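# Architecture at a glance
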Amino acid sequence: MSYLVLARKYRPRTFADMVGQEAITRLLAGAIGENRIGHAYLFSGPRGTGKTTTARIFAKALNCEQGPTPEPCGTCARCVACDAGNELDVIEIDAASNNGVDHVRSLREQVSYAPAAARFKVYIIDEVHMMSKGAFNALLKTLEEPPAHVKFLFATTELHKVPDTILSRCQVLRLSPIKPEHITRRLDQVFEAEAIRAEAGVTSEIAARSRGGMRDALSLADQLIAMAGDAPTLADIDRVGGGGPAGQMALLEHLASGARGALLERVAEQAGREGELVDGLLGALRSAIVALHCGAGSPLVEGDGEALARFAEGVGAARLEWWLGELLRTKDRMRFAPGLEGILVESTLLDLARPEEPADFGELLERLTALEARLGAATGAAPPGPAPARPVGADRGAASVPTAPAAAPTSAAASSAAPAPVRPQPQPAASPEPAAQAPRPVAPAPAKSPATPAPAPPAPAARAEPEPETEPAAEPEHVLEPAARRPPSPSEGFAAALALVENQRPSLAALLRRGRVTREGDRLTVALIEIDAEDRHLLDDTRSMGVARSALEQVFGERLDLVVVQADRRGEEPEPTDGFTAEVVDLFGGRIEDVRRSRP
Ligand SMILES: [Zn+2]
């Protein structure tokens, strides 16, 4: 069922009808009145604020037989054709589905022909940021030398994705979110015209939930009328349009408690309106995160700040941010999968309802590297590197290593079955962040003796030479001392130096971190498997490399020559890129399955 009845029926047909965008309509009407009409305009703004509507009115104003006029007559052949959406010379293109270079090439051919009946051939290109790079380049040629009879009207929700070369050839008009009081006034007019007798406060409540979008407001009003008839109440609003704050809160609670059945039922109730459901959830999540960081009373929080803050504290920032990221990705994917929105939303929510955020091996490595860097940096009396942003539960870290032993067996049966002697060891005290949640034992509840640390931390397989910092006999507060006295190995010192470089030259630090490091005398050689043009640029920057060299000097206590070389790729299997990674692989008895390179 389509809920665009009111939005279509009450779509503005003149500049005067446009609500809340007076600055834009005045500017366009002025341009027509003074006959200084540009050949390309770009309307930018959030969804539902009137970008394409403004473009259509502008096209009509340009082509009206009485014009060009700021006030199109609405009765001439051109105006009627425009309003009916069948004007041959006003061509609307959705760049989201016609984003290729071929479409732009055929557009360029058509552009050269004179208009069929109207004064101007007007191209309205919606979601222009979705065009491919090649398509933008092809379009640019037309924008540079446009025929006098052609006007381009672009619309985008994401101005930053439109290349500067295009922007510089357009007049950019920014439409703001429409103020709630303007939306309320318009809804009051519409309800009066439709003989809807809503409870007091209904229209302002709809306006408050529409986040500045008139189309969303009218769509919500449509749903409300379809469900509640011609006398909708405030209570009815909660039952439509993403459920409103109460419905969103319930969804979040279902996610947190892993109530998958309830989640699926909610999605089914919102069939056909999955976009609104996701938008509503995103808004609620955002407010929950804001409430957590800025306090429940922050004016940035939309909705019940107290309830959101309580919820956010219970769930934790890491999980909320994970949800937010995944839902944003789902929202993006929904654009490319028309008809599959329901399945996409269902699968995402089922995934997010898992009790724990998955930690990957890369994340574990990152934390270990940061820890190592901090230990190494202590030698050079340098400040410790930044702690990892997201705390990871100890059990999750262990579970994500493919071949790591799950937990130290403590029952007699398990001990006798173990091939190598394994003993529980205490966690190193220098863990950079406390675990977010209490670790859960992975193995089925073993019998606990008082002496057994519970729950058991991940225990490495038996090793010939235990490192001093994991020696069980060491008191936690002495853990740092042996590490601090030990001169850093090349890989340790290098990691520590990179932690220092990170602050000033993050790209360089990320690049060097990919390398395998060896030391020969006072020369430190970093071998990189791939060096592309961008990398080369970083490495040729003498000031950046100077930062790296002085960091090395700080850590190693002596001046070292830093040489970066390109290494040959040996074999297809990923292998440890440095001694430290090799040590980690050895420590967990694992192997590297995948190497993901990340660059900030
Ligand atoms: Zn007209």
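Refer to the structure printed above.
Now for a quick tour of the structure. Not measured: the values here are computed from a predicted model.

### Brief notes about the overall build of the protein chain
On a plain count of helices and strands, the protein chain comes out with 26 helices and eight strands. Across the 600 residues in the protein chain, those meeting the buried criterion constitute 44%. When the accessible surface of the protein chain is summed, it comes to about 30200 Å², and 53% of that surface belongs to carbon and sulfur atoms.

### Details of the nonpolar core
Ranked by size, the top nonpolar core spans 33 residues in total, and within it Leu252, Leu255, Leu320, Trp323, Leu327 and Leu349 carry the most contacts. Of all the elements in the fold, those that place two or more residues in this core are α12 (244–257), α13 (260–269), α14 (274–294), α15 (305–315), α16 (317–334) and α17 (341–352). Looking at which element gives the most residues to this core, the answer is α14, with ten residues. Setting aside its immediate chain neighbours within four residues, Leu255 contacts Leu263, Arg319, Trp323, Leu349, Leu352 and Ala353.

### Some words on helix α10 (residues 214–228)
Look at α10: 21 Å from first C-alpha to last across 15 residues, which is about the 21 Å you get at 1.5 Å a residue. Buried within α10 are the following residues: Met214, Ala217, Leu218, Ser219, Leu220, Ala221, Asp222, Gln223, Leu224 and Ile225. Here the buried face of α10 lies against α1 (5–9), α8 (180–193), α9 (202–209), α11 (234–237) and α14. At the exit of α10 stands Gly229, carrying a positive phi of roughly 80 degrees.

### Describing the packing of helix α22 (residues 490–504) against helix α25 (residues 542–556)
Packing of α22 against α25 leaves a shortest axis separation of 8 Å and a crossing angle of 130 degrees. The angle between the axes of α22 and α25 places the two elements in the oblique class. In terms of crossing hand, the pair formed by α22 and α25 is right-handed. Touching Pro490, Gly493, Phe494, Ala496, Ala497, Leu500, Val501 and Gln504 of α22 are Val547, Ala548, Ala551, Leu552, Gln554, Val555 and Phe556, all from α25. Class assignment of the residues belonging to the contact of α22 with α25 gives a composition of twelve nonpolar, three polar and no charged.

### Considering the packing of helix α2 (residues 22–33) against helix α3 (residues 51–63)
The interhelical angle for the contact between α2 and α3, taken along N-to-C directions, is 20 degrees, at an axis separation of 11 Å. In this view, α2 runs roughly parallel relative to α3, as classed from their interaxial angle. Where α2 crosses over α3, the two elements pack in a sense that is right-handed. Seen from α2, the contacting residues are Ile24, Leu28 and Ile32; seen from α3, they are Thr54, Phe58, Ala61 and Leu62. Across the contact of α2 with α3, the residue classes break down as six nonpolar, one polar and no charged.

### Comments concerning the coordination of the zinc ion
Taken together, Cys64 (SG), Cys73 (SG), Cys76 (SG) and Cys79 (SG) make up the protein donors of the zinc ion, found 2.2 to 2.3 Å from the metal. Bound by four donor atoms, the zinc ion shows angles of 104 to 119 degrees at the metal and therefore tetrahedral coordination geometry. One chain supplies every donor to the zinc ion, and in sequence these donors are spaced C-x8-C-x2-C-x2-C. Pair noted here: Cys64 is in the loop between α3 and α4 (77–84) and Cys76 is in the loop between α3 and α4, with a separation of twelve residues, a long-range link.

### Concerning the packing of aromatic side chains
All told, the structure shown has four aromatic pairs when counted by the stated rule. Taking the centre distance of 5.7 Å and the plane angle of 10 degrees together, the rings of Phe152 and Phe154 count as stacked. The pair Phe152 / Phe154 is uniform in exposure class, with both members buried. Ring centres of Phe311 and Trp323 lie 6.4 Å apart, and the angle between their planes is 35 degrees; this geometry places the pair in the tilted category.

### What to know about the pairing of strand β6 (residues 516–520)
Sheet topology places β6 next to strand β7 (residues 523–528); five bridges connect them, and they run antiparallel. Looking at the pairing, Arg519 lines up with Leu524 of β7.

### Considering the sheet that holds β6
Read across the open sheet, the three strands follow the order β6-β7-β8; overall the sheet is mixed. This sheet does not close on itself; its edge strands, each paired only once, are β6 and β8 (561–566). Each strand axis lies, on average, 25 degrees off the axis of its neighbour in the sheet, ignoring direction. As defined by bridge partners, β7 adjoins β8 across six bridges and the pair is classed as parallel. In the sheet register, Leu528 faces β8, and the bridge partner there is Gln566.

### What about the environment of Arg197?
As for its placement among the helices and strands, Arg197 is situated in the loop between α8 and α9. Residue classification places Arg197 among the exposed residues on the basis of a relative accessible area of 56%. Separated by 35 residues in sequence, Arg197 and Pro232 have C-alpha atoms that sit 7.3 Å apart. Excluding its chain neighbours within four sequence positions, the residues that come into contact with Arg197 are Asp230, Ala231 and Pro232.

### A look at the environment of Ala288
Here Ala288 is to be found in helix α14. In this structure Ala288 comes out as buried when scored by relative accessible area, which is 0%. Along the primary structure Ala288 and Arg310 are separated by 22 residues, whereas in three dimensions their C-alpha atoms are 8.7 Å apart. Residues contacting Ala288, with those up to four places away along its chain left out, are Leu308, Ala312 and Leu320.

### Overview of the sheet that holds strand β5 (residues 171–174)
Spatially, β2-β3-β4-β1-β5 is the arrangement adopted by the five strands of the open sheet, whose pairing is parallel. A strand with exactly one partner marks an edge of an open sheet, and here the two such strands are β2 (90–94) and β5. On average, each strand axis in the sheet is tilted by 15 degrees relative to the strand beside it, whichever way the strands run. Relative to strand β4 (residues 150–156), strand β1 (residues 40–44) runs parallel, the two being bridged by five bridges. By the bridge assignment for β4, Tyr41 is matched with Leu153.

### Description of unusual backbone geometry
Notably, Asn35 is not glycine yet its phi reads approximately 55 degrees, a positive angle. Assignment of secondary structure puts Asn35 in the loop between α2 and β1. Positioned with a positive phi, Ala195 is a non-glycine residue whose angle comes to about 55 degrees. Mapping Ala195 onto the fold places it in the loop between α8 and α9.

### Describing α2
Helix length check: α2 (twelve residues) gives 16 Å between terminal C-alpha atoms against 16 Å at 1.5 Å per residue, within 8%. Taken together, the buried positions of α2 are Ile24, Thr25, Leu28, Ala29, Ala31 and Ile32. Seen end-on, α2 carries its buried residues on one side only, within an arc spanning 155 degrees. Exposed residues on α2 whose side chains face more than 90 degrees from its buried face are Ala23, Arg26 and Gly33. In this structure, the buried side of α2 is in contact with β1, α3 and β5. One or two positions beyond α2, positive phi appears at Asn35, with a value near 55 degrees.

Thresholds applied
Residues numbered from 1 in each chain as written. Predicted model: local features only at pLDDT ≥ 70, side-chain atom pairs only at ≥ 80, totals over all residues. Heavy atoms only, no water. Helix = DSSP H or I, 4+ residues; strand = E, 2+ residues; numbered from the N terminus. Buried < 20%, exposed > 50% of the residue type's maximum accessible area, 1.4 Å probe, protein only. Areas by Shrake-Rupley, 256 points an atom, 1.4 Å probe, with all protein chains shown as cover. Core = buried A, V, L, I, M, F, W, Y, C linked by side-chain atoms within 4.5 Å. Contact = heavy atoms within 4.5 Å. Expected span 1.5 Å × (residues − 1). Axes fitted to C-alpha atoms, helices over the stretch in contact; angles between N-to-C directions. Parallel < 35°, antiparallel > 145°, perpendicular 65-115°, else oblique. Left-handed = near helix turned anticlockwise from the far one by under 90°. Nonpolar A, V, L, I, M, F, W, Y, C, P; charged D, E, K, R; others polar. Donors = N, O, S within 2.8 Å, 3.2 Å for Na, K, Ca; no water. Tetrahedral: all angles 85-135°; square planar, octahedral: opposite > 155°, others 65-115°. Phe/Tyr/Trp six-rings, centres within 6.5 Å; stacked < 30°, edge-to-face > 60°. Pairing = 2+ DSSP bridges. Arc of directions from axis to C-beta.

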